[in-house]
Amino acid sequence: MSNAIIEVHDLTVRYGNTVAVDGTSFEVRQGEVFALLGTNGAGKTTTLDVLEGYLQPSSGAVSVFGLDPSRDRDRLASRMGIMLQEAGFFETLTVRQTITAWRRFYDTPRSLADTVALVGIEHRLGTRVNALSGGERRRLDLGLALLGHPEILFLDEPTTGMDPAGRRDCLELVAGMVTEGLTVVLTTHYLEEAEQLAHRVAIMHRGRIRRMGTLGEVLTGASESTVSFDVPVLLAQRLPSGLDAHTEPRGSTTEITVRTADPETTLRALLGWAESHRTSLERLQVRRGSLEDVFLGLSDDDLPASGDGPARTSDPIPMGA
Ligand SMILES: Nc1ncnc2c1ncn2[C@@H]1O[C@H](COP(=O)(O)OP(=O)(O)OP(=O)(O)O)[C@@H](O)[C@H]1O
């Protein structure tokens, strides 16, 4: 892979008898948002700890900007922004005092005013950390991670505790910085967060990466899409053959739900069929399989691989003209 700035090869981390990370390999490119998703205890935070230089691998090789994150931590520190799951704030300092103290770690830090404005806590400058809400603490965390104009940002569950507006602000802020070249490695439990922000995702389970790729790649074949629409009752019996269609009477019309691994081709066939029968596909909706499907399928090793259960769908794709 070209211009990879993070390279992880066969990483294993053990805590005593617990194998937290079990031979994972991946790369992250410059300007990419790479999301680590997974069940509790899957090994996401441990992986980040190694990348951030806080933890040494039991075996395997890890490099960030071509350096060893643990051995070369001092050289890497100014290039990294880190937002941990639990920040070790001094609870009785105010926001102003906290940021002022943190700025001393950097040669050319962002200004106090810019930092609070960036993360939307200007109105909390004089507030003690222990009086901030959970979401405001996360905003302060993010501001501190961005103080040194990092080239790479590590975000461990960044929006936990934020309200929807806070989450949206945070994601927009990070997305904006990514367009300017920032690289982001993120762990999250919010699948929609990965769907919005990540160029590539890796789904971890019990220390291993079980799926990795672009969202499209991870979703392909992992779950089916559904195409649903209404047609007049008489036409419902003349649908194209070979469709995995379920019909449901709705008065003078019939609701058709088609399960498909290839919604584009299915849709094209259905639109052609509708045109030739001089009808329209009323209330047409396409729902693609979601990361949640993939995630749930991996969370339980006893699930049949064929996914015989009912299709779970979400995220309607708005139909264009
Ligand atoms: N310091 C530690 N000592 C012993 N075991 C640990 C330690 N830190 C993590 N573990 C174990 O290693 C495994 C991976 O933990 P890790 O925190 O990396 O998972 P995670 O994917 O980040 O989970 P979560 O989503 O719950 O934060 C878990 O079984 C955890 O209990």
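Each remark here, short or long, concerns the structure printed above.
Keep in mind the model is a prediction, meaning the values are calculated, not measured.

This paragraph deals with the packing of helix α4 (residues 112–119) against helix α5 (residues 134–146). Two elements in contact, α4 and α5, have axes whose closest approach is 9 Å; the angle formed by their N-to-C orientations is 130°. By the angle between their axes, α4 is oblique relative to α5. For the element pair α4 and α5, the recorded crossing hand is right-handed. Residues T115, L118 and V119 of α4 form the contact with α5, whose own contacting residues are R139, L142, G143 and L146.

Attention now moves to the packing of aromatic side chains. Evaluated as defined, the whole model comprises two aromatic pairs. Measuring from centroid to centroid gives 4.9 Å for F26 and F34, while their planes differ by 15°, and the two rings are stacked. Both residues of the pair, F26 and F34, belong to the buried class. When the ring of W102 is compared with that of F105, the centres are 6.4 Å apart and the planes differ by 80°; the resulting orientation is edge-to-face.

As a further point, take helix α1 (residues 44–51). Buried residues dominate α1, accounting for seven of its eight residues. Of all the positions in α1, only K44, T46, T47, L48, D49, V50 and L51 are classed as buried. A positive backbone phi angle near 85° is found at G53, which sits one or two residues after α1.

Taken together, 13 residues surround the ligand, and among them N40, G41, K44, T45 and T46 come closest. In the model, an oxygen atom of the ligand is placed 3.0 Å from a nitrogen or oxygen of the A42 main chain. In this structure, an oxygen atom belonging to the ligand sits 2.9 Å away from a main-chain N or O atom of G43. Listed by contribution, the elements that provide at least two residues to the shell around the ligand are β2 (18–29) and α1. For the shell around the ligand, the leading source of residues is α1, giving three residues. Each residue belonging to the shell around the ligand can be placed in one class, and the counts come to three nonpolar, nine polar and one charged.

We now examine the side chain of D230. Within the fold, D230 resides in strand β10 (residues 225–232). Leaving out residues up to four positions away in the same chain, D230 has contacts with R250, T253, T254, E255, S280, L281, E282 and R283.

So, about the sheet that holds strand β1 (residues 4–15). Sheet architecture is open: three strands sit in the order β2-β1-β4, paired in antiparallel fashion. Edge strands, defined here as strands with exactly one partner in the open sheet, are β2 and β4 (59–64). Between one strand and the next, the sheet's axes are offset by a mean angle of 15°, whatever the strand orientation. As paired elements, β1 and β4 share five bridges and run antiparallel to each other. Its bridge partner lying in β4, I6 is registered against V64. α1 rests against β1, β2 and β4 of the sheet, and its axis sits at about 120° to β1.

By size, the foremost hydrophobic cluster in this structure holds 43 residues, and its most contacted members are V95, L140, L142, L153, L155, V184 and V201. A total of six residues in this core trace back to one element, the largest contributor, which is helix α6 (residues 164–179). Core analysis: the next-biggest nonpolar cluster, separate from the first, contains 26 residues, I5, L51, M80 and F154 among them.

Summed over all chains, the structure comprises 16 salt bridges. Residue E32 is joined to R29 by a salt bridge in which the shortest nitrogen-to-oxygen separation is 3.3 Å. On the basis of relative accessible area, E32 is assigned to the buried category, the value being 5%. Here R168 ties to D169 by a salt bridge, and the two come within 3.6 Å at their closest N and O atoms. Residue classification places R168 among the partly exposed positions, given a relative accessible area of 48%. Within the structure, one salt-bridge network assembled from shared partners comprises D230, R250, E255 and R283.

Conventions and cut-offs
- Residues numbered from 1 in each chain as written.
- Predicted model: local features only at pLDDT ≥ 70, side-chain atom pairs only at ≥ 80, totals over all residues.
- Heavy atoms only, no water.
- Axes fitted to C-alpha atoms, helices over the stretch in contact; angles between N-to-C directions.
- Helix = DSSP H or I, 4+ residues; strand = E, 2+ residues; numbered from the N terminus.
- Parallel < 35°, antiparallel > 145°, perpendicular 65-115°, else oblique.
- Left-handed = near helix turned anticlockwise from the far one by under 90°.
- Contact = heavy atoms within 4.5 Å.
- Phe/Tyr/Trp six-rings, centres within 6.5 Å; stacked < 30°, edge-to-face > 60°.
- Buried < 20%, exposed > 50% of the residue type's maximum accessible area, 1.4 Å probe, protein only.
- Near = heavy atom within 4 Å.
- Polar contact = N/O pair within 3.5 Å; in protein donor to acceptor, adjacent residues only side chain to side chain.
- Nonpolar A, V, L, I, M, F, W, Y, C, P; charged D, E, K, R; others polar.
- Pairing = 2+ DSSP bridges.
- Core = buried A, V, L, I, M, F, W, Y, C linked by side-chain atoms within 4.5 Å.
- Salt bridge = Lys/Arg side-chain N within 4 Å of Asp/Glu carboxyl O.

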